[in-house]
Structures are given as structure tokens and as C-alpha cells.
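The lines below spell out each chain.
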Amino acid sequence: MSQSIIITGAGRGIGKACAEAFLEAGWHVGLLGRSVAPLEAVAKGHENALILPTDVRNEIEVAESFDHAARTWGRLDAIFNNAGVALLGATIDEVDVTAWRELIDINVTGSFICAREAFRVMRAQRPQGGRIINNGSISAHVPRWGSAPYTASKHAITGLTRSVSLDGRKYNIACGQIDIGNALTDMAAKMTKGVPQADGSIAVEPVMDVKHVAQSVLYMASLPLEANVQFMTVMATAMPFIGRG
């Protein structure tokens, strides 16, 4: 029987690449996102794709989508908690509070809501259990210049991962986190043109094919529940990270 996964933010970037990789591997894939058209484009030609138009900030929509997926497939084996946004680089005194709240609402509250619903479904199903994979970031280890909102949100994701991993032991629910650095998506395209460095300079940074991220997530999700990748970092080899600042 094919395994099943819900991927949030599945219409673009890392989520899209992961959705395509899982579909190619024969998984049932729930494509969850706010905009239907990108999800339909990913699903095209794949009978195992399930489109789930959902705003991760809306707990009612999320619950309905998770229940729909579980009923359709009979169970939910995994979720990749991927949906997120970033802000343009700015020092904290220049960050708009409304923009901060929106980012936290999507990156942190949205991830919490989706993990909460995944946990609920996985705890109730028989056989019990499943896997939750959260999308962290290199920023969960060290910040970039002018990244206070995004960095704070990704540190929160690490706290969520650790807590859910501990709480899930009793119910055979594994939880891990993938921290990604400079995967070439629309969000990271600016790296190829030059971005601010810790010393105030502007520099082009190495990037990697987003397919490497997709294969890493697929590996994490494919492990038996007796094994777990608690934290994985996958990054462009020569990007500024070790000793970034």
C-alpha cells in the first residue's frame, strides 16, 4: 500500500519540489496551500495527488483538510510542515510590526496548527503513529543580517520540533526537522545576484538544486518509525554558514 503525506506550501519552491519527488516515488500526496492554480499545476497527471486548498492560519480549514485526506487514504503517514514566508532584510527598528505578526502567524502559528492536526490524526488512527517533518532553516542555527522576524520564527520551529518529538513517543509519532540553506527557489534567487553579509558587504552566494532538499525530505519520511532523523542540515556546500558572522 502506498504511503501518504501532506505537504504544506506545496504549490511553489521547496514544497513543490518535494511534492513532485514524493509523487514520483509513488506516495499519495496532499497538496496543501492557499492558491489552487499552483496546486493544480503540481497535481496534473498524477492520480495520487490530492488538492487541499487551505490557509494554514485557519485551524478550521486545516482540520477539514487533514480529515479529508485521512478519509481518502485510510490513514496519514507523514506531513512536511513547509509553508512559510520571509521579510526583506532590515534591522529590527525598521521592521513593521504588522509584517512581523503576519510572518509569525504563518511560520509559527501555521506550523503549530498543522502539527497539531497531524498529531491528532496520527494518534487516533490504527495502527497508531506517523511522522511530522518541520521545515526549519540555517537561521535556526545562526541569523543573517536583518533577519530578526524570520530567524525568531525558525528558532520557534526548533522548539516545536523538540516538544512534538518528545510528546509523540507514547503514540509512535516521530518528529524531525530539516534545516535548509540556499536551495535555489524563487525566494533564494537573490543569492545569485548578491546579498548583504555580516561585514556590510554585498556578495553572491553559492546555491544548490532544490531537488537535493526534496530527496532529503523523502529519505526522512521513508524511514521506519523505529528510526528518526531528528535534525538534518542540507545546504550549498560553500555558502556562508560555519563562521557566518
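This text follows the structure it describes.
Below is a summary of the structure that appears in this document. (Residues numbered from 1 in each chain as written. Predicted model: local features only at pLDDT ≥ 70, side-chain atom pairs only at ≥ 80, totals over all residues. Heavy atoms only, no water.)

### Quick look at the overall build of the chain
Within the chain, the regular secondary structure consists of six helices and eleven strands. The C-alpha radius of gyration computed for the chain amounts to 17 Å, which stays within 12% of the reference 18 Å derived for 245 residues, consistent with globular compactness. Dimensions along the principal axes, computed over C-alpha positions, put the chain at roughly 55 × 35 × 35 Å. By residue count, 51% of the 245 residues in the chain fall in the buried class. The long-range share in the chain, meaning contacts at least 24 apart out of those at least 6 apart in sequence, stands at 68%. Positive and negative charge centroids in the chain, built from 22 and 23 side chains respectively, lie 5 Å apart. (Helix = DSSP H or I, 4+ residues; strand = E, 2+ residues; numbered from the N terminus. Rg over C-alpha atoms; globule rule 2.2 N^0.38 Å. Buried < 20%, exposed > 50% of the residue type's maximum accessible area, 1.4 Å probe, protein only. Contact = heavy atoms within 4.5 Å. Lys, Arg positive; Asp, Glu negative; His and termini not counted. Charge placed at Lys NZ, Arg CZ, Asp CG, Glu CD.)

### So, the layout of surface pockets
A volume near 170 Å³ is recorded for the second largest pocket. Along the walls of the second largest pocket sit Gly13, Lys16, Ala17, Glu20, Ala21, Glu24, Val210, Lys211, Ala214 and Gln215, which together make up its complete lining. Put simply, the parts of the chain that give the lining of the second largest pocket at least two residues each are helix 1 (13-24) and helix 6 (211-222). In terms of residue count, the dominant contributor to the lining of the second largest pocket is helix 1 (six residues). (1 Å grid on protein atoms, 1.4 Å probe; cavity = no way out; pocket = protein on both sides within 12 Å on 5 of 7 lines; lining within 4 Å. Points joined across faces, edges and corners; volume = space filled by probe spheres on them.)

### Re the packing of helix 3 (residues 59-73) against helix 4 (residues 97-124)
For the pair helix 3 and helix 4, the least separation of the axes is 10 Å and the interaxial angle reads 35 degrees. Once helix 3 is placed against helix 4, the crossing between them reads as right-handed. For the pair helix 3 and helix 4, the contacting residues are Glu59, Val62, Ala63, Phe66, Asp67 and Ala70 in the first and Ile113, Cys114, Glu117, Ala118, Arg120 and Val121 in the second. Across the contact of helix 3 with helix 4, the residue classes break down as eight nonpolar, no polar and four charged. (Axes fitted to C-alpha atoms, helices over the stretch in contact; angles between N-to-C directions. Left-handed = near helix turned anticlockwise from the far one by under 90°. Nonpolar A, V, L, I, M, F, W, Y, C, P; charged D, E, K, R; others polar.)

### Observations concerning the pattern of salt bridges
Scanning the model with the defined rule gives seven salt bridges in all. For Arg116, the salt bridge goes to Glu117, with nearest N and O atoms at 3.0 Å. For Glu117, a relative accessible area of 4% puts it in the buried group. One connected set of salt bridges, linked through shared partners, spans Asp67, Arg116, Glu117 and Arg120. (Salt bridge = Lys/Arg side-chain N within 4 Å of Asp/Glu carboxyl O.)

### Some details on the pairing of strand 11 (residues 231-235)
Across the two faces of strand 11 the burial differs, with Met232 and Val234 buried and Phe231, Thr233 and Met235 not buried at all. Judged from the five bridges that link them, strand 6 (residues 173-181) and strand 11 form a sheet pairing that is parallel. Each bridged residue has a counterpart across the sheet, and for Gly181 the counterpart in strand 11 is Met235. (Pairing = 2+ DSSP bridges.)

### Thoughts on the nonpolar core
Grouped together as the largest cluster of nonpolar side chains are 39 residues, with contacts concentrated most on Ile7, Phe22, Val29, Leu31, Phe80, Ile178 and Val213. When contributions to this core are tallied by element, the ones reaching two or more residues are strand 1 (4-8), helix 1, strand 2 (28-33), helix 2 (36-43), strand 4 (78-81), strand 6, helix 6 and strand 11. Here this core takes seven residues from helix 1, the largest share from any one element. Contact partners of Phe22, with chain neighbours within four places excluded, come to Ile5, Ile7, Trp27, Val29, Val217, Leu218 and Ala221. The next biggest cluster of nonpolar side chains, apart from the first, holds 28 residues, and it includes Val56, Val62, Ala69 and Ile157. (Core = buried A, V, L, I, M, F, W, Y, C linked by side-chain atoms within 4.5 Å.)

### What about the environment of Ile242?
Structurally, Ile242 can be placed in the segment after strand 11. Along the chain, Ile242 and Met208 lie 34 residues apart, while their C-alpha atoms are 17 Å from each other.

### Some points on the state of the cysteines
For the structure shown, the criterion picks out zero disulfides. This cysteine, Cys18, is not joined by any disulfide, and Cys114 carries the nearest cysteine sulfur, 15 Å off. The thiol of Cys175 is not disulfide-bonded; the next cysteine sulfur, from Cys114, is found 13 Å away. (Disulfide = S-S within 2.5 Å.)

### Describing the side chain of Arg131
As for its placement among the helices and strands, Arg131 is situated in strand 5 (residues 130-135). Of the polar contacts made by the side chain of Arg131, one reaches the backbone oxygen of Ala227; its length is 3.2 Å. With residues up to four places along the chain from it excluded, the contact list for Arg131 reads Asp77, Ala78, Ile79, Met122, Ala174, Met220, Ala221, Leu223, Pro224, Leu225, Ala227 and Asn228. (Polar contact = N/O pair within 3.5 Å; in protein donor to acceptor, adjacent residues only side chain to side chain.)

### Remarks on the sheet that holds strand 5
The sheet built from seven strands is open, its strands ordered 3-2-1-4-5-6-11 with parallel pairing. Strand pairing shows two members of the sheet lacking a second neighbour, strand 3 (49-53) and strand 11, which therefore form its edges. Looking at each pair of strands side by side, their axes are set apart by 20 degrees on average, direction ignored. Relative to strand 3, strand 2 runs parallel, the two sharing five bridges. Considered in strand 3, the bridge of Gly30 is made with Leu50.

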